[in-house]
Amino acid sequence: MKTIQYKICTFLLLCFFCLPGKALVVTENTEISVLTCAPGNELYSLFGHTAIRLQQPETGLDVVFNYGTFDFRTKHFYLKYAQGLLPYQLSVTSYENFISSYIEDNRSVWSQTLQLDNGQKQRLIDLLTENYKPEKRTYLYNFLYDNCSTRVRDIIEESSVKQIRWHLPDEHKSFWNLLDEYLVRMPWIKWGIHTILGQPGSRTATPYQYMFLPDYLLKGLEGATVDGSLLAAPVQTLFEEEKATPANPWYCSPLFIFSLFCIIIIYLLHRFRSPHLLTSIAFPLFLISGLIGCLLVFLGGFTQHPITAPNFNLIWANPVNLLILPWLLRKQLPRSVKKYLTLYSWILTLGLPLWFFLQPAVPYASIPLLILMLYLSFRLKQKS
């Protein structure tokens, strides 16, 4: 029953904000606050979320403006998502609906009330309602530079006549350092993200750029000032999640699993000098590494995603590996394939020491994969 009520409430809110010529006027007790939501366990929620809450006790209005929504019905949804071309939207929902979803997901929510005069509040409300117009509510999402957090920061700055001064300390962090603060609890996702993203993430971010992450926008608002006065009131906790200790035993980490896998494969191939066994192991590994390489080339050269190129994970995940697959099934490899394997071996050999200088853009957990591909290349060259 509650779900139906929420949908009806949201529908009425949407109608209100879409009515032509309908102006939302600030009242004496109008309150605008920034909501910061803790990271979740799903891939899309790993880094938290930011939204703007608008309350008017006189009219009973209590809504949340949310820049982080997208429509699964978008044409070619998955292709656009992969290309970094998926349009995101500003949506409006009831606060009750919004907070209930985070309580259900067991994700903390904090609030910071903006200390604005009525004129500033009106400008911010006007900007939000203007942005919510059908022709303006959609924008091209960029994870680092244009997301739910930066949009909130930017619209607050735009609504302020006087300059907002942000006092976040410069901690000399790279984008990788910032992302890894959230990935440490999910080692396999960390390995995947470090594999598909590239070297540009090693650039040092400015404190202003830190605020692409909701937690850092919260910290920024804590110290932000306008004419020496604090922009936001102290943080209030709207919902406190029940803390759960993440189970990440060392023996389930990518580094341990890949290392164990590498040792077992090399032992079997060294113990049993069978060409058939060598082919049975090499074929799927060259297939997987080639497919990963194609993904890295696609992300780096044919998408709008930031920090995807150059990607030095191509040292071991080489798309050319796919081209030699048919020849691996033969008893004897042609000279051209052996030349490629020699070149690939040299690239892997040089890549091993290079791996330590490219941190953290490449994951340590991939070193066993480099070693394994090097060993397979060496053995395949000897295949007669």
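From a predicted model like this one, the values you see are computed outputs, not experimental measurements. (Residues numbered from 1 in each chain as written. Predicted model: local features only at pLDDT ≥ 70, side-chain atom pairs only at ≥ 80, totals over all residues. Heavy atoms only, no water.)

## A few points about the sheet that holds strand β4 (residues 87-94)
Worth spelling out the cut-off: Strand pairing is defined by DSSP finding a minimum of two bridges between the two strands. The helix and strand labels rest on DSSP assignments: H or I over at least four residues marks a helix, E over at least two residues marks a strand, and numbering proceeds from the N terminus. Axis definition: a line fit to C-alpha positions, over the contact stretch in the case of helices; interaxial angles, taken between N-to-C directions, run 0 to 180 degrees. Contacts are assigned to residue pairs that have any heavy atoms within 4.5 Å of one another.
Pairing is antiparallel in the open sheet, where seven strands are placed in the order β6-β4-β3-β2-β1-β5-β9. In this open sheet, the two edge strands, each paired with only one partner strand, are β6 (138-140) and β9 (236-239). Geometrically, the sheet is characterised by an average inter-axis angle of 30° between neighbouring strands, direction not taken into account. Both strand β1 (residues 31-37) and strand β2 (residues 49-56) contribute to a ladder of seven bridges, which runs antiparallel. Following the sheet pairing, Ile32 is matched in β2 by Leu54. Against the sheet, helix α3 (residues 95-104) touches β1, β2, β3 (61-69), β4, β5 (109-113) and β9, its axis set at about 105° to β4.

## Here's the deal with the packing of aromatic side chains
For clarity, the threshold we go by: Within 6.5 Å between ring centres, the rings of Phe, Tyr and Trp (the latter by its six-membered ring) count as paired, and their orientation is classed by plane angle as stacked under 30 degrees, edge-to-face over 60, tilted in between. Per-residue accessibility, obtained with a 1.4 Å probe over protein chains only, is compared with the maximum for each type, and a residue is labelled buried under 20%, exposed over 50%, and partly exposed between these values. The rule for a charge over a ring is simple: NZ of Lys or CZ of Arg within 6 Å of the ring centre, and within 35 degrees of the ring normal.
Here the structure, examined in full by the defined rule, presents 19 aromatic pairs. Both rings, one in Phe356 and one in Tyr364, keep their centres 5.9 Å apart while their planes meet at 50°; by these two values the pair is tilted. The exposure class of Phe356 is partly exposed, given its relative accessible area of 48%. Taken together, the aromatic side chains of Phe47, Phe143, Tyr145, Phe175, Tyr182 and Phe212 make up a single cluster linked through ring pairs. Its guanidinium or amino end placed over the ring of Tyr132, Arg137 lies 4.0 Å from that ring's centre, counting from NZ or CZ.

## Considering the side chain of Thr303
Formally: What qualifies as a polar contact is a pair of N or O atoms within 3.5 Å, subject to a donor-acceptor requirement within protein and to the restriction that residues adjacent in sequence count only when both atoms come from side chains.
With respect to the secondary-structure elements, Thr303 resides in the loop between α11 (275-301) and α12 (325-328). A relative accessible area of 12% means that Thr303 is categorised as buried. A distance of 2.6 Å separates a polar atom in the side chain of Thr303 from the backbone oxygen of Leu299. A distance of 3.4 Å separates a polar side-chain atom of Thr303 from the backbone nitrogen of His305.

## Concerning the pattern of salt bridges
Side-chain pairing between opposite charges can occur once the charged atoms of the two side chains come close. Keep this limit in mind: In the sections that follow, a salt bridge refers to a side-chain nitrogen of Lys or Arg positioned within 4 Å of a carboxyl oxygen of Asp or Glu.
Counted under the stated rule, the structure contains nine salt bridges. The salt bridge partner of Asp227 is Lys162, with a shortest N-O separation of 2.6 Å. With Asp227 in the loop between β7 (225-226) and β8 (229-230) and Lys162 in the loop between α5 (148-159) and α6 (175-183), this pair connects stretches of sequence that are 65 residues apart. What makes Lys162 partly exposed here is its relative accessible area of 48%. A salt bridge links Glu181 to Lys173; the shortest N-O distance between them is 2.5 Å. A residue is classified by how much of its surface remains accessible, and Glu181, at 36% relative accessible area, is partly exposed.

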